[in-house]
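Residues per chain, in single letters:
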Amino acid sequence: MSGSHALPLLLGVRHHGPGSARAVRAALDAVRPRAVLIEGPPEADALVPLVGDEEMRPPVALLAHAVDEPGRSAFWPLAEFSPEWVALRWAVENGVPARFVDLPATHVLALQGEEGTEEGAVEGADPADGGEAGSRPGDGPDGPDGVGGTGEEGETEGRAADMRVDPLAVLADAAGYDDPERWWEDVVEHRGAGEDPLAPFAAVEEAMGALREAYGTGGHDRDPVREAYMRLQVRAARKEFGDGIAVVCGAWHVPALRRKSTVAADRALLKGLPKVKTEMTWVPWTHRRLSRFSGYGAGIDSPGWYGHLFSAPDRPVERWMTKVAGLLREEDLHVSSAHVIEAVRLAETLAVMRGRPLPGLGETVDAVRAVMCEGSDVPLELVRDRLIVGDLLGEVPSTAPSVPLRRDLERQQRALRLKPEALERELELDLRKENDAARSRLLHRLRLLSVGWGEPTASRGGTGTFRETWRLRWEPELAVRVAEAGVWGTTVLAAAAATARAESDACDATALADVTALAERCLLADLPDALPTVMRALADRAALDTDVAHLAAALPALVRTLRYGDVRGTDTGALAEVAAGLAERIFVGLPPACTALDTEAATEMRRHVDAVHAAVGLLGGVPAVDPDGMRSRWHGVLGKLAARDTAAGVLRGRSVRLLLDDGALDTEEAARRMGLVLSPGTEPADAASWIEGFVGGGSGGLLLVHDERLLGLVDTWLTGVPAESFTDVLPLLRRTFSAYEPGVRRSLGELVRRGPAAGGGTAAAPAPGFAEDLDAARADAVLPVVRLLLGLDPDLDQDQRPDGPPDDSVEAAA
Amino acid sequence: MSVSIEPTSVTAVSDDSAPAKGAKNEQALRPHAEDAFAQELQALAAADDRPRPARWKMSPWAVATYLLGGTLDDGTVISPKYVGPRRIVEVAVTTLATDRALLLLGVPGTAKTWVSEHLAAAVSGDSTLLVQGTAGTPEEAIRYGWNYAQLLAHGPSRDALVPSPVMRAMGEGTIARVEELTRIPADVQDTLITILSEKTLPIPELGEEVQAVRGFNLIATANDRDRGVNDLSSALRRRFNTVVLPLPESPEAEVEIVSRRVDQLGRSLELPQAPDGIDEIRRVVTVFRELRDGLTTDGRTKLKTPSGTLSTAEAISVVTNGLALAAHFGDGVLRPADVAAGILGAVVRDPAADRVIWQEYLETVVRERDGWKDFYRACREVSA
């Protein structure tokens, strides 16, 4: 057998191709090589024995990371149906040495650094993304593996790769296919086992040879270096084991490995490659991450389907349809055996019509949709999520070396002088200090990762926003948590950002407040990379939430966050935009939401109106928002609310009051409205609740003290309330007036005793102890003291907020 | 008059009447698909060398080409009848080639009837075997009725029988069509079960049955929005492969469909040509799509979806309406104000909930958009 093929045996594969994997196994069984060489980082050679470990379950990934800089890392994911995995397993099972022959990770990571992938950038990206960014040369844009195309999504290097050749596209185009993926499936993956297990490899090699002749490296600049290294390794292995070795690598590289070249020439190519100290380990991987949907990973869109193709012993379509039926039945959808039969038939007929040798994923999906899902995409999504992609989570034996996240944490603990201690202790942080701020960020990030080392507690030393108190306690199981969190990334920052993003996706549609809280936590943990995603989620939830109360409850928190973010110096542009959008939605939805409410709901809503009013006022100070437009629209809403008869009295009264306070309504008009409500035509109970809305709360009494006309109106109305209604309105009135300061109550009482004659139609007479007008000189005298109290430098204040009203600064400082 | 259900005689009849039919169609307000596109069908059948299922006029592949359009080897251009995903047409045609019936689902205005007519025309060369589903569709419309004069005069016999379109299709081995299946009362719907599963229609009065000839199949259409009116029983549902016809995928495609259709309608209504209409059409289509999808076109903002269907057909009527307004009461140019009222009417179906949704959309999306000031103002005016 070994005489029929060229030596050494080169098995060109497509990464994650089940057909390739089968073919590799058949070829290895037939040829029985004395050593297996695999495309991958040679540093992982020591980890090969773990492949045979009981606890090792694919999908897993080889992870390489720089020792001093865990953020710089690269992943080589392997699924059960990856040809490389199959080759590894074969080698371990047959006691044959297996070696990785690709360019060592030490160079790959060093090159990655040189290419200007700054630590921050890598950390900011998804964990796997950061890893694969330009660092998975074996997987991205080369050969049939290029089909998998990490190059397509999220790869920094890949973005520049538009001019690169996709070899499969060229071949598929020549064969008259418009979809390269489908072509490869038809020709390679779906082909049954032929007579000669080596024939497919010969054919692929020939095709790739023709391509390489035409396109050279096809724009994959690092390939010559990698291929030179591989050639050297192959040569060394032949010296050691003789010609009976097999090489499993991306099909694209096969012609280059076959090419004769001198040792000296290859060495020359490898000269002067930068190095960085690296470590390797196995990490668990998931099918979801293999899939392209999640935006990173090795870039195949149907790992579950591939896994099925690889593991099904025969009749893959029938077995697949049965699986789908089983899943749909679990979800209580009625799928009978007849459905399965019809689906298989439809898939096969479709394949014939489309001229394909076997039904592929496209045909089976179409058939499932038409037969089992009644044309609907909703159950189909389930099939896609659970079966086509799949939930499979890999496992790695505990003997595998520890994850880089742990290292990063230890490094930061040293740098911040924050030792993990089992004993509980309290930690006071002053956020104005650089080191303390960094500590706070670390603790907040760990909290996001559910590593509960520190719990925030109420500060004893006051309520300043620059102070934080933590209760620290390191428990041994936290180490396990850290290891678990290793899935999210290689550094605390990256992992926390990834978690926050995942959480924002996971929050269900009703939990607007949850997302707001998450946004707040992102700001505390200083995760600017996660914030946009969270903001998106927040904006989406807000857009779909139909309950104005939810929106109104979320807005104040958001505006607070905005203010707080300002204090910390974070960029909050996106936040301001979302807050403004939220406000607009509230403006539109509020008037209809205020109709037909019972007393309790109306009181609740009144709180929301007040909160929104305060928030709108605060928003006015944010530069990204157009404050005047927003304020005037809010006034419009309040005006509408005040005039709406179906709205509860308390809300109408409150609206008029808020308008009056803002100066959007003059006293005349307010008095007219009040007169209207308090006229005899109105139900006394309704009028009383209007009054509660209008003059309720702390400052309402002063208003009555100062505007005797209003007081007169109330007085006239109250004396006119019929006896039988009086007992009904009494509790309401008592609630309203008992909230006033004793002094105010006394003044009011005096005014009322003096009689209504003083008020009424004539201009308001000055209250006892007050002059007609402000005494400007005396008022000015107070100002310096107020400034001193608020700690405001008048000049600075002028600079920062040229047109900010003074009350605004007061709120900011508070 | 009795209608024979022997396939041979039917073929003979249709051969004889072909020229007469053609002449008649010159006058027809709307010719049948098989007449309007007779040339294309002939060219396709001639060029088609792939295997054909029994009694099909052409191979499944050719049917798909007829619907989706293309150019034949001899240079004949086949116009696209359906603009949409290829997948849908392929699944539909393949279903007809198996013995499962085809159910076309979709919101109003997604060309369900149009597709079903063209499928029948291409497969059987006859799209006229049609049962229109209504709340009052009787069982006779699906099985058979009696010619009572004959029945009284000669007693029950095949001659006294008035076959339904479905029964004729069974005998001839052609495609029958049922429109608006879900509007038919449930008990009447269920008469289809035997026909679709046993492929036979018993006539107990005569002690006979009609067995479906190879080539028989059934295309039903149903409206998505009617769900729950007369839902199909699961027994019947199981006999169908379901294909959902989607709304146009890209905005360009929809603008194209709308402007083409508006143009045709405008000509038949003899409205003056509007010069700059395309911008307004694009705007209407954008508004409809965004509200329908619950997402702005830039994909950045989610939106609530109103209760109306907002189909392409409605967009067409909004624009046509606007054109009429512009022509008769405006300056002849389609302006934002001309379409604003129409859009409001189409969007706000439920006065409470939809109005909030519409205003939210106006305030959060339209107001900020560049070049949409006029439109915003016009909409504000009509919504106030």
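Residues numbered from 1 in each chain as written. Chains lettered and ligands numbered in written order. Predicted model: local features only at pLDDT ≥ 70, side-chain atom pairs only at ≥ 80, totals over all residues.

(A) Up close: the overall build of chain B. For chain B, the count of helices and strands is 17 helices and 11 strands. Here the contacts in chain B between residues at least 6 apart in sequence split such that 70% fall between residues at least 24 apart. (Helix = DSSP H or I, 4+ residues; strand = E, 2+ residues; numbered from the N terminus. Contact = placed C-beta atoms within 7 Å.)

(B) Local environment of the interface of chain A and chain B. The interface is formed by 26 residues belonging to chain A together with 28 residues belonging to chain B. Breaking the side of chain A that touches chain B down by element, the ones donating at least two residues are α17 (337-353), α18 (361-372), α25 (531-544) and α27 (573-593) of chain A. The element best represented in the side of chain A that touches chain B is α17(A), accounting for seven residues. Broken down by class, the residue content of the side of chain A that touches chain B amounts to 11 nonpolar, seven polar and eight charged. (Nonpolar A, V, L, I, M, F, W, Y, C, P; charged D, E, K, R; others polar.)

(C) Highlighting helix α10 (residues 199-215) of chain A. Residue and element names in this part refer to chain A. With 17 residues, α10 extends 24 Å between its outermost C-alpha atoms, agreeing within 8% with the 24 Å of an ideal straight helix rising 1.5 Å per residue. Within the sequence span of α10, burial applies to P200, F201, V204, E205, A207, M208, L211 and R212. At the exit of α10 stands G216, carrying a positive phi of roughly 65°. (Expected span 1.5 Å × (residues − 1). Buried ≥ 20, exposed ≤ 12 C-beta atoms within 10 Å, placed from the backbone.)

(D) Structural detail: the sheet that holds strand β10 (residues 217-223) of chain B. Residues and elements named next belong to chain B. If you trace the five strands from one edge of the open sheet to the other, you get β4-β7-β10-β3-β11, paired in parallel fashion. Each edge of the open sheet carries a strand with a single partner, namely β4 (130-132) and β11 (240-244). Between one strand axis and the next, the sheet turns by 20° as a mean value, whatever way the strands run. For strand β7 (residues 175-179) and β10, the ladder comprises four bridges, and the chain directions are parallel. The residue bridging V178 from the neighbouring strand is A220, located in β10. On the sheet, helix α8 (residues 165-172) packs against β4 and β7 and is oriented at approximately 160° with respect to β7. (Pairing = 2+ DSSP bridges. Axes fitted to C-alpha atoms, helices over the stretch in contact; angles between N-to-C directions.)

(E) Region of interest: the confidence of the model for chain A. Residues and elements named next belong to chain A. When pLDDT is averaged along chain A, the result is 75; 80% of the residues meet or exceed 70. Contacts for the low-pLDDT stretch residues 758-767, under 50 throughout, to residues beyond four places or in other chains number 17 contacts. Every residue in residues 796-814 scores below 50 in pLDDT, and together they form 15 contacts with partners more than four places removed in sequence or on other chains. (pLDDT = per-residue confidence, 0-100.)

(F) The arrangement of the pairing of strand β7 (residues 278-284) of chain A in detail. All names here are of chain A. Most of β7 sits out of view: five of its seven residues are buried. Inspection of the sheet shows strand β3 (residues 60-66) paired to β7 by seven bridges, in the antiparallel sense. Residue pairing in the sheet places H65 in a bridge with E279 of β7.

(G) Seen up close, the sheet that holds strand β9 (residues 454-457) of chain A. All names here are of chain A. Across the sheet, three strands lie side by side as β8-β10-β9; this open sheet has antiparallel pairing. The sheet is open, and its two borders are formed by β8 (425-430) and β9, each paired with just one other strand. This sheet shows a mean twist of 35° between the axes of neighbouring strands, independent of strand direction. As defined by bridge partners, β8 adjoins strand β10 (residues 467-472) across six bridges and the pair is classed as antiparallel.

(H) Representation of the pairing of strand β9 (residues 208-211) of chain B within the structure. Bridging between strand β8 (residues 200-203) of chain B and β9(B) involves four bridges; their strand directions are antiparallel. Pairing of I203(B) across the sheet is with E208(B), part of β9(B).

(I) The nonpolar core, seen in detail. Residue and element names in this part refer to chain A. Core analysis: the biggest nonpolar cluster contains 308 residues, and A87, V247, V534, L555 and A579 have the highest contact counts within it. Considering each element in turn, this core owes the most residues, 12 residues, to α27. Setting aside chain neighbours within four positions, we find L555 in contact with A579, L582, A583, I586, V612 and A615. (Core = buried A, V, L, I, M, F, W, Y, C linked by C-beta atoms within 7 Å.)

(J) Molecular detail of unusual backbone geometry. Residue and element names in this part refer to chain A. Cis geometry is adopted by the peptide bond preceding P59, which originates at P58 and carries an omega value of 5°. Tracing the backbone shows P59 in the loop between β2 (35-38) and β3. Of note in the backbone geometry, R32 takes a positive phi value of approximately 50° without being a glycine. Assignment of secondary structure puts R32 in the loop between α1 (18-31) and β2. For R32, a count of 14 C-beta atoms within 10 Å puts it in the partly exposed group. The phi dihedral of E374 is positive, around 50°, even though this residue is not glycine. One can find E374 in the loop between α18 and α19 (377-390). The class of E374 is buried, set by 20 C-beta atoms lying within 10 Å.

(K) Representation of the packing of helix α11 (residues 223-241) of chain A against helix α13 (residues 263-270) of chain A within the structure. Residues and elements named next belong to chain A. α13 packs onto α11 with a crossing angle of 135° between their chain directions and a minimal axis gap of 9 Å. Comparing their axes, α13 and α11 come out oblique. Along this stretch, α11 crosses α13, giving a crossing that reads as left-handed. Side by side, α11 and α13 meet where P224, V225, A228, Y229, R231, L232 and R235 of the first sit next to V263, D266, L269 and L270 of the second. Classifying every residue of the contact of α11 with α13 gives eight nonpolar, no polar and three charged. (Parallel < 35°, antiparallel > 145°, perpendicular 65-115°, else oblique. Left-handed = near helix turned anticlockwise from the far one by under 90°.)

(L) The arrangement of α25(A) in detail. Residues and elements named next belong to chain A. Here α25 contains 14 residues, and its C-alpha end-to-end distance of 20 Å stays within 8% of the 20 Å for a straight helix at 1.5 Å per residue. Counting buried residues along α25, 10 of its 14 residues qualify, which places the element largely inside the surrounding structure. Among the residues of α25, those classed as buried are L531, V534, M535, A537, L538, A539, D540, R541, A542 and A543.

(M) View of the environment of F216(B). Residue and element names in this part refer to chain B. Its place among the elements puts F216 in the loop between β9 and β10. On the neighbour-count criterion, F216 (25 C-beta atoms within 10 Å) is buried. Taking C-alpha positions, F216 is 9.5 Å from A101, a pair spaced 115 residues apart along the chain. The contacts of F216, once residues within four sequence positions are left out, are A169, M170, G173 and T174.

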